[in-house]
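# Notes for the structure review
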Amino acid sequence: MNQLLKIRKMSTASVPLSALRMKYMEKKEAFLEENIRVKEPINLFNEWMSQAMQTEGILEPNAASLATVNSKGCPSNRFVLLKDVTADGFTFFTNYGSRKASDIENNNNVAMTLYWCPLRRSVRIEGTAEKIPKEDSLKYFHERPRASQIGALASEQSSRIPSRQHLDQIEKKIKQDLGDDKEVPLPNWGGYLIRPRLIEFWQGQTDRLHDRIVFRKHAGVEKEVDNVLIHPAENGWVYERLAP
């Protein structure tokens, strides 16, 4: 890490991006199948997330890159905040009029990636997204800070606006109308649950022989098990190791 910082402090004109290198894990710290306490990806994800939350330098461990595809097949990617993890999948919230919501309406296949640099770890999730029940969205909406609730009400996400001042004026009017006590009404906003069919756990190795262990779950996947390349896991999942 110190060497990387030294390189960054040098003139950007003399140091190409190709020269940037980070020290990852050593072979003795490899991510091995036998070290997975429970062969089930949601449980493993929660273990990794717990460690990320306790790691200094990871300010937003739940920051995740979400990829969607529109009706023309063009991909789009942006960061969201992962807000819940259950046996069913992974939940994030957004405006239902946003670009990502429009993409999901046309094609609900999505992908999500989390990266925890200090741990040299990443998790990739592939699956389908669906709206969560409105009452669950409403419950979470009113658990947010009041300023965040008003911000969500003020912004028709992804729509064109003439200026920042326009947005500030809308927010000001909402605050005047609601005062300090009125409940902020739920806008066109809520959660999506990603039901995963693939979850990949990646851990970086300094020699670039990175560890990649993938869990998959779909109809008939258990028939692929050969106990050589593909192994049975719990709750209908199978797992396999991929070359880096």
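For the structure itself, consult the block above.
Since the structure is predicted, the reported quantities are computational estimates derived from the model, not experimental observations. (Residues numbered from 1 in each chain as written. Predicted model: local features only at pLDDT ≥ 70, side-chain atom pairs only at ≥ 80, totals over all residues. Heavy atoms only, no water.)

### Quick notes on helix H4 (residues 134-141)
All of the buried residues in H4 are Ser137, Tyr140 and Phe141. Along the axis of H4, the buried positions cluster into a sector of 105°, meaning they face one direction only. Seen from the open side of H4, the exposed residues pointing more than 90 degrees away from its buried face are Glu135 and Lys139. On its buried face, H4 sits against strand E2 (75-86), strand E3 (89-95), helix H5 (146-154) and strand E6 (189-203). (Buried < 20%, exposed > 50% of the residue type's maximum accessible area, 1.4 Å probe, protein only. Helix = DSSP H or I, 4+ residues; strand = E, 2+ residues; numbered from the N terminus. Arc of directions from axis to C-beta. Contact = heavy atoms within 4.5 Å.)

### Examining the packing of aromatic side chains
A complete count under the given rule lists 13 aromatic pairs for this structure. Taking the centre distance of 5.6 Å and the plane angle of 25° together, the rings of Phe92 and Tyr192 count as stacked. On the criterion of sequence distance, the pair formed by Phe92 in strand E3 and Tyr192 in strand E6 is long-range, its members being 100 residues apart. Across this residue pair, the class does not change: Phe92 and Tyr192 are buried. Ring centres of Phe201 and Phe215 lie 5.9 Å apart, and the angle between their planes is 85°; this geometry places the pair in the edge-to-face category. Of this pair, Phe201 sits in strand E6 while Phe215 is found in strand E7 (residues 211-216), placing the two residues 14 residues apart along the sequence. Neither Phe201 nor Phe215 differs from the other in exposure class; each is buried. Through a chain of ring-to-ring contacts, three or more aromatic side chains come together here, namely Phe31, Trp48, Phe201, Phe215 and Tyr239. Sitting above the plane of the Trp48 ring, Arg121 keeps its charged end 4.1 Å from the centroid. (Phe/Tyr/Trp six-rings, centres within 6.5 Å; stacked < 30°, edge-to-face > 60°. Lys NZ or Arg CZ within 6 Å of the ring centre and 35° of its normal.)

### Some remarks on the packing of H5 against helix H6 (residues 164-178)
Interaxial distance between H5 and H6 falls to 9 Å at its minimum, and their mutual angle equals 120°. As summarised for this structure, H5 and H6 are arranged oblique, according to the angle between their axes. Crossing angle aside, the handedness with which H5 passes H6 is right-handed. Where H5 abuts H6, its residues Arg146, Ile150, Leu153 and Ala154 lie against Leu167, Ile170, Glu171, Ile174, Lys175 and Leu178. Counted by class, the contact of H5 with H6 contains 7 nonpolar, no polar and 3 charged residues. (Axes fitted to C-alpha atoms, helices over the stretch in contact; angles between N-to-C directions. Parallel < 35°, antiparallel > 145°, perpendicular 65-115°, else oblique. Left-handed = near helix turned anticlockwise from the far one by under 90°. Nonpolar A, V, L, I, M, F, W, Y, C, P; charged D, E, K, R; others polar.)

### Side note on helix H2 (residues 41-53)
Helical periodicity: at 3.6 residues per turn, an α-helix aligns residues three or four positions apart in one direction. For H2, built from 13 residues, the straight-helix expectation of 18 Å at 1.5 Å per residue is met to within 8% by its first-to-last C-alpha distance of 18 Å. Of all the positions in H2, only Pro41, Ile42, Leu44, Phe45, Trp48, Met49 and Ala52 are classed as buried. What you see down the axis of H2 is that its buried residues fit within an arc of 160°, all on one side. Check the buried side of H2 and you find it contacts E2, E3, strand E4 (109-116), strand E5 (121-131), E6 and E7. (Expected span 1.5 Å × (residues − 1).)

### Things to note about unusual backbone geometry
Phi is positive for Ser158, which is not a glycine, with a value near 80°. One non-glycine residue, Asn235, lies in positive phi territory at about 55°. Along the chain, Asn235 turns up in the loop between strand E8 (231-232) and strand E9 (238-241). Taking relative accessible area as the criterion, Asn235 reaches 53% and is therefore assigned exposed.

### Side note on the pairing of E9
One ladder, built from 4 bridges, connects E7 with E9; its direction is antiparallel. Bridge pairing in E9 places Val214 opposite Glu240. As defined by bridge partners, E8 adjoins E9 across 2 bridges and the pair is classed as antiparallel. By the bridge assignment, His231 is partnered in E9 with Tyr239. (Pairing = 2+ DSSP bridges.)

### Side note on the pattern of salt bridges
Taken as a whole and judged by the stated rule, the model has 17 salt bridges. Note that Arg164 and Asp168 form a salt bridge whose closest N and O atoms lie 3.0 Å from each other. Here Asp168 and Arg164 lie together in helix H6, a separation of 4 residues that amounts to about one turn. Given the relative accessible area of 57%, Arg164 is considered exposed. (Salt bridge = Lys/Arg side-chain N within 4 Å of Asp/Glu carboxyl O.)

### Some points on the pairing of E2
Working note: regular strand, side chains alternate between the two faces of the sheet. Across 7 bridges, strand E1 (residues 63-69) lies against E2 in antiparallel orientation. Looking across to E2, one finds that Ala64 is bridged to Val80. Between the end of E1 and the start of E2, which pair antiparallel, lie 5 residues, with Gly73 showing a positive phi angle near 85°. Both E2 and E3 contribute to a ladder of 4 bridges, which runs antiparallel. Residue pairing in the sheet places Asp84 in a bridge with Thr91 of E3. Turn length for the E2-E3 hairpin, with the two strands adjacent in sequence and antiparallel, is 2 residues.

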